[in-house]
Amino acid sequence: MLSDNRGGPWGGGGDNGGDGGDGDGPRNPWGPRRRRPAGESDGGPLDELFRKGRERFGGGFPGMPGNSRPFILYGLLALVAIWLAFTSIHRIGPQERGVVTTVGYYSSTLRPGIGFSLPWPFGGVTKLDVEEIRTIAIPGGETENLILTGDQNVINLAYSVRWNIKSPELYLFQIKDPQTTIREVAESAMRAAVARVSLDDAIGAGRSSIEQRVEQNMQQLLDAYGAGVKIQGVAINQSVPPDAVNDAFLEVSAAQQRAQSYMNGARAYALQQTARAQGDAASFEKVYAEYRLAPEVTRRRMYYETMERIMARVDTTIVEAPGITPYLPLPEIQRRQQPAPAQSAQPQPAQPAQGAGQ
């Protein structure tokens, strides 16, 4: 608009003059500028700055008609920056590990923090939570899991396996389906462990040893496979007979408990009798020691004590000695000496005198 002005204070559009004449007058600032050859400059810094800007943007500034190439260039640069930012920069959480792959092959493992990799599709990062404890329930649902014991009995066993990721790169690339592999290894190890114990151990006190044995066997097998997992524990949740024989098994268990109770009572009685015998033996040893010191006195005292215990329970006393009656009815004499119980006096009917009616 300024370049096409024809009505400035210096008049119409000449090259230099205000009147558009021969150029002897003052220069018209609103008039058209004189075209200079390429490379020529009037020495002004502002003109030089504009010229360099036009050359940088392909001969014009963004937004000018016929100059769409800078917008496309900026858009491409922005897309490249976003592509690099979202596919090359990775944030790894405190409980995570990042497995880096380059052209589909394992490259490295990223620790918690900010990590870098080649952009997609040349590189990638798979994040795995290595501290999460995962649980597999066997058999799962309400189905029975029948296992044969060492004494040819069958039990219904339900248990769970707790595990986490130990080596992320092995967990991703060594085994196709780690969870299925862990389940199958757990079933194999459990059947092998139960086959070595009896039914009573499998449903009773031997369950803890079975759990430890299964955990050790599972860890050895998975390490041999290179699964990259760590078995945290095995817990037996249910160990009962099958439903078809559960009632009979309960009756057998009750009978076994009664038999065990009787055996415990017999052991207690035997211990009591043994303790009493040991006490009697110790007492006899003490008496024997005194007897050896004074045999006659001890013998007489033992005789008197024995006779007191025996004669206290009988009613007849016989003493064989010269000048003494052989039979002494002592209990009868004692009973006679006891006063007879008083009887209540009852009035007697009057008897008629003899000869009164005669």
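Let us look at the structure shown here. Since the model is a prediction, treat every value here as computed from it, not as a measurement.

Criteria and thresholds
Residues numbered from 1 in each chain as written. Predicted model: local features only at pLDDT ≥ 70, side-chain atom pairs only at ≥ 80, totals over all residues. Heavy atoms only, no water. Helix = DSSP H or I, 4+ residues; strand = E, 2+ residues; numbered from the N terminus. Buried < 20%, exposed > 50% of the residue type's maximum accessible area, 1.4 Å probe, protein only. Contact = heavy atoms within 4.5 Å. Areas by Shrake-Rupley, 256 points an atom, 1.4 Å probe, with all protein chains shown as cover. Expected span 1.5 Å × (residues − 1). Phe/Tyr/Trp six-rings, centres within 6.5 Å; stacked < 30°, edge-to-face > 60°. Pairing = 2+ DSSP bridges. Core = buried A, V, L, I, M, F, W, Y, C linked by side-chain atoms within 4.5 Å. Axes fitted to C-alpha atoms, helices over the stretch in contact; angles between N-to-C directions.

Turning our eyes to something else, we now look at the overall build of the protein. Each helix and strand counted, the protein has nine helices and 11 strands in total. By the burial criterion, 23% of the 358 residues in the protein qualify as buried. Considering only contacts in the protein between residues 6 or more positions apart, those separated by 24 or more positions represent 57%. A total accessible area of about 26000 Å² is found for the protein, and carbon and sulfur atoms account for 56% of it.

Time to look at helix H4 (residues 178–194). Across its 17 residues, H4 extends 24 Å between first and last C-alpha, which sits within 8% of the 24 Å expected from 1.5 Å per residue. The inward-facing, buried residues of H4 abut strand S6 (134–138), strand S7 (146–148), strand S8 (154–165), helix H3 (168–173), helix H6 (207–225) and strand S9 (229–240).

Next up on the list: the packing of aromatic side chains. Applying the stated rule across the entire model yields four aromatic pairs. Look at Phe-284 and Tyr-288: their rings are 6.5 Å apart centre to centre, the planes differ by 15°, and that puts the pair in the stacked class. Of this pair, Phe-284 and Tyr-288 both sit in helix H7 (residues 246–293), separated by four residues, roughly a single helical turn. You can call Tyr-288 partly exposed: its relative accessible area is 44%. With 5.9 Å between their ring centres and 55° between their planes, Tyr-303 and Tyr-304 make a pair best called tilted. Residue class for Tyr-304 comes out partly exposed when judged on its relative accessible area of 44%.

For the bond from Trp-120 to Pro-121, the omega torsion is 5°, close enough to zero to count as cis. Along the chain, Pro-121 falls in the loop between strand S4 (113–116) and strand S5 (123–129). Following Ile-138, the chain continues into Pro-139 via a peptide bond in cis, with omega recorded as 10°. With respect to the secondary-structure elements, Pro-139 resides in the loop between S6 and S7.

Moving on: the pairing of S6. The alternating pattern of S6 places Arg-134, Ile-136 and Ile-138 on a buried face, while none of Thr-135 and Ala-137, on the opposite face, is buried. Sheet topology places S6 next to S8; five bridges connect them, and they run antiparallel. Residue pairing in the sheet places Ala-137 in a bridge with Ser-160 of S8.

This part takes up the nonpolar core. Core analysis: the biggest nonpolar cluster contains 34 residues, and Tyr-159, Met-190, Ile-210 and Met-218 have the highest contact counts within it. For this core, the secondary structure elements donating two or more residues are S6, S8, H4, helix H5 (199–203), H6 and S9. With seven residues, H4 is the single largest residue contributor to this core. Not counting residues within four places of it along the chain, the set of residues in contact with Met-218 comprises Val-161, Ile-182, Val-185, Ala-186, Ala-189, Ile-231 and Val-234.

The next subject is the sheet that holds strand S3 (residues 105–110). The strand order across the open sheet built from three strands is S3-S2-S5, with neighbouring strands paired in antiparallel fashion. Two strands lie at the open edges of the sheet, namely S3 and S5, each paired on one side alone. Ignoring which end each strand starts from, the neighbouring axes of this sheet average 25° apart. Pairing of strand S2 (residues 96–102) with S3, which is carried by five bridges, proceeds in the antiparallel orientation. Looking at S3, one finds that Thr-102 is bridged to Tyr-105.

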